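# Notes for the structure review
Chain by chain, the residues:
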Amino acid sequence: MNKLFKIGKSILLGLFGLIVVIAVGLLLYYQSIYEETPLPTEITPKPSLSKNIGTSYKPILLPIPKKLVWTSGYFNMPKTMGFSAPVEDIETIKKVCKNRFNTEGVASASGVFKCIKNPTLQEQSYILNIQPSQIKVEYNDLQGLFYAMTTVKQLANQTNNQLPCVQIEDAPDMKTRGAMLDISRGKIPTLETLYGIVDFLSDVKYNQLQLYIESFPFAYPSFKNLWEKTETPLTPEEIKQLDAY
């Protein structure tokens, strides 16, 4: 019996050693033949390391515009954004300048940002023409203007505020573009975190955020027993603030 046990043990050890040798051999083999698949040239990011971005760099725009033509030259973003626009849109544009670019927007007929109403464009669409001396935006509604300015923000963030000249015509495939966030499981996000999520979604031109809520993440006025032991439930006032953000 002992002899059979020793034989069986030796066989098992031998098989284990063989498996280890095969595994190591396969690992070495795959490492020797592995080649990293390069990204296509048109989506390979090329970071700007200096103020002068050079002539070959082209920023990545998301979502990809319907029509995009790069032209020659660059537009240097000013510290204060002077703009001309229809009177009824001036206050909204000032808010966009503050929230999108963290700068002051000043209404002026000689402003380098030309915002022009074009009733022939469809909802949420825009035409953006960046030239060395000015930026011209055509839009039908304020949503279209907002998305045009968001495109300008994407360009500015990737180029140290030295925007390559370009002609863009863009319109969404769907009027509603949203994301749903389940806040019923795990840590409940604070209002500031939700503001950050809204800002991120806006930067890629989403226009809706849905919060999925079960039980305790929301401070129901009539059901305190569901959330009173929760540290940070979202209150009705906070939801209203988020909706107005």
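Everything below is about the structure shown above.
Quick look at the structure, then.

Scoring rules and cut-offs
- Residues numbered from 1 in each chain as written.
- Predicted model: local features only at pLDDT ≥ 70, side-chain atom pairs only at ≥ 80, totals over all residues.
- Heavy atoms only, no water.
- Helix = DSSP H or I, 4+ residues; strand = E, 2+ residues; numbered from the N terminus.
- Buried < 20%, exposed > 50% of the residue type's maximum accessible area, 1.4 Å probe, protein only.
- Contact = heavy atoms within 4.5 Å.
- Areas by Shrake-Rupley, 256 points an atom, 1.4 Å probe, with all protein chains shown as cover.
- Salt bridge = Lys/Arg side-chain N within 4 Å of Asp/Glu carboxyl O.
- Pairing = 2+ DSSP bridges.
- Core = buried A, V, L, I, M, F, W, Y, C linked by side-chain atoms within 4.5 Å.

Glancing now at the overall build of the chain. Scanning the chain for helices and strands turns up six helices and nine strands. Counting all 245 residues of the chain, 32% fall into the buried class. Expressed as a percentage of contacts within the chain between residues at least 6 apart in sequence, the contacts between residues at least 24 apart total 66%. Working note: accessible area of the chain is about 16200 Å², and carbon and sulfur atoms make up 59% of it.

Turning to the pattern of salt bridges, a few remarks are in order. Under the criterion given, the structure shown has ten salt bridges. A salt bridge links R100 to D203; its shortest N-O distance comes to 2.9 Å. With R100 in helix α2 (residues 90–101) and D203 in helix α4 (residues 191–203), the pair connects residues that are 103 residues apart, well separated along the chain. For D203, a relative accessible area of 23% corresponds to the partly exposed category. Sharing partners across several salt bridges, the network here consists of E88, D89 and K117.

Among the five residues of strand β6 (residues 135–139), four are classified as buried, and the element is accordingly described as predominantly covered. Of the strand pairs in this sheet, strand β5 (residues 126–130) and β6 are connected by five bridges, and their pairing is antiparallel. By the bridge assignment for β6, I130 is matched with I135. Hairpin connection of β5 to β6: four residues between the antiparallel strands.

The next point concerns the nonpolar core. In this structure, M77, F113, L128, I130, I135 and L163 are the most contacted members of the largest nonpolar core, which totals 28 residues. Where this core is concerned, the elements lending two or more residues are β2 (81–84), α2, β4 (113–117), β5, β6, α3 (142–158) and β7 (162–170). At seven residues, the largest contribution of residues to this core is made by α3. Excluding residues that lie within four positions of it along the chain, L128 makes contacts with I135, K136, V137, A148, T151, V152, V166, Q167 and I168. Membership of the second largest hydrophobic core comes to eight residues, among which are I183, I188, L194 and Y195.

In short, the description is geometric, and any link to function would need to be established separately.
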